[in-house]
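Listed below are the residues making up each chain.
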Amino acid sequence: MVGCGVVLMTWPPTESYHQFSLILHAFGLYVSFLQIFQTRYQMARLYTQRALGKAGEMDVVNTDTRETHWTGSVKLLLPMVWFGHMFQLHLAIYAFRCDIPFRPNSVPAISLCN
């Protein structure tokens, strides 16, 4: 998200900027909601491990257990994470396509990275 913030600060206020910024803000809201949901899931998992005596007060949630508990929250969390990845891919493709028509006389940014 830091890179997207830099892009938004350096992108001149053109039509392409306004098209991209709306989708970027929607993505930011989705990611913040997803982070809250993941934090609540990890807190519940740590609470369960502490109650069973498998974790102490200062431990963090880890993947040392081989068994996966397919509770309702995991079944909801995994599709949300995959949707977030697909949303990020869509955002990258949209940003690339949004920028190209408005820069007819310039070199694409990808060639500058080499």
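So, how was this worked out
- Residues numbered from 1 in each chain as written.
- Predicted model: local features only at pLDDT ≥ 70, side-chain atom pairs only at ≥ 80, totals over all residues.
- Heavy atoms only, no water.
- Helix = DSSP H or I, 4+ residues; strand = E, 2+ residues; numbered from the N terminus.
- Buried < 20%, exposed > 50% of the residue type's maximum accessible area, 1.4 Å probe, protein only.
- Contact = heavy atoms within 4.5 Å.
- Areas by Shrake-Rupley, 256 points an atom, 1.4 Å probe, with all protein chains shown as cover.
- Phe/Tyr/Trp six-rings, centres within 6.5 Å; stacked < 30°, edge-to-face > 60°.
- Core = buried A, V, L, I, M, F, W, Y, C linked by side-chain atoms within 4.5 Å.
- Expected span 1.5 Å × (residues − 1).

Q: How would you explain the overall build of the chain if you had to name every residue and give the values?
A: In terms of helices and strands, the chain carries four helices and zero strands. For the chain, the succession of helices and strands along the chain, N to C, is α-α-α-α. Put simply, the chain has 114 residues, and 19% of those count as buried. Sequence-distant contacts, at least 24 apart, represent 62% of the contacts inside the chain between residues at least 6 apart. Summing over all exposed atoms, the chain offers an accessible surface of approximately 9,000 Å²; the carbon and sulfur share of this is 66%.

Q: So, the packing of aromatic side chains: which residues are in play, and what are the values?
A: All told, the structure shown has four aromatic pairs when counted by the stated rule. A ring pair is formed by Tyr30 and Phe83, whose centres lie 5.2 Å apart and whose planes are at 80°; its orientation type is edge-to-face. Of this pair, Tyr30 sits in helix H2 (residues 15–51) while Phe83 sits in helix H3 (residues 72–99), and the two are 53 residues apart along the sequence. Since its relative accessible area comes to 48%, Phe83 is described here as partly exposed.

Q: Describe the environment of Phe27, and please don't skip the residues or the numbers.
A: Along the chain, Phe27 turns up in helix H2. Take Phe27: its relative accessible area is 6%, and that puts it in the buried class. Spatially, the C-alpha atom of Phe27 lies 8.1 Å from that of Gly84, the residues being 57 residues apart in sequence.

Q: Could you give an account of the nonpolar core, with specific residues and numbers?
A: Here is a general trend for soluble globular proteins: nonpolar side chains tend to be buried in one another's company. Residues Leu8, Phe20, Leu24, Phe27, Tyr30, Leu34 and Leu91 are the most contacted members of the largest nonpolar core, which totals 15 residues. At the level of elements, H2 and H3 are the ones that each hand at least two residues to this core. Non-local contacts of Leu34, meaning those with residues more than four positions away in its chain, are made with Leu77, Met80 and Val81.

Q: Break down the environment of Gln19 for me, with residues and values.
A: With respect to the helices, strands and loops of the structure, Gln19 is situated in helix H2. What makes Gln19 partly exposed here is its relative accessible area of 29%.

Q: Break down H2 for me, with residues and values.
A: With 37 residues, H2 ought to run about 54 Å at 1.5 Å a step, and its terminal C-alpha atoms sit 55 Å apart, in line with that. Of all the positions in H2, only Ser16, Tyr17, Phe20, Ser21, Leu24, Phe27, Tyr30, Val31, Leu34, Leu46 and Gln49 are classed as buried. After H2 finishes, the residue Gly53 shows a positive phi value of roughly 80°.

Q: Account for the environment of His85, naming residues and giving values.
A: Along the polypeptide, His85 turns up in helix H3. Residue class for His85 comes out partly exposed when judged on its relative accessible area of 43%. Separated by 54 residues in the primary sequence, His85 and Val31 have C-alpha atoms spaced 10.0 Å apart.

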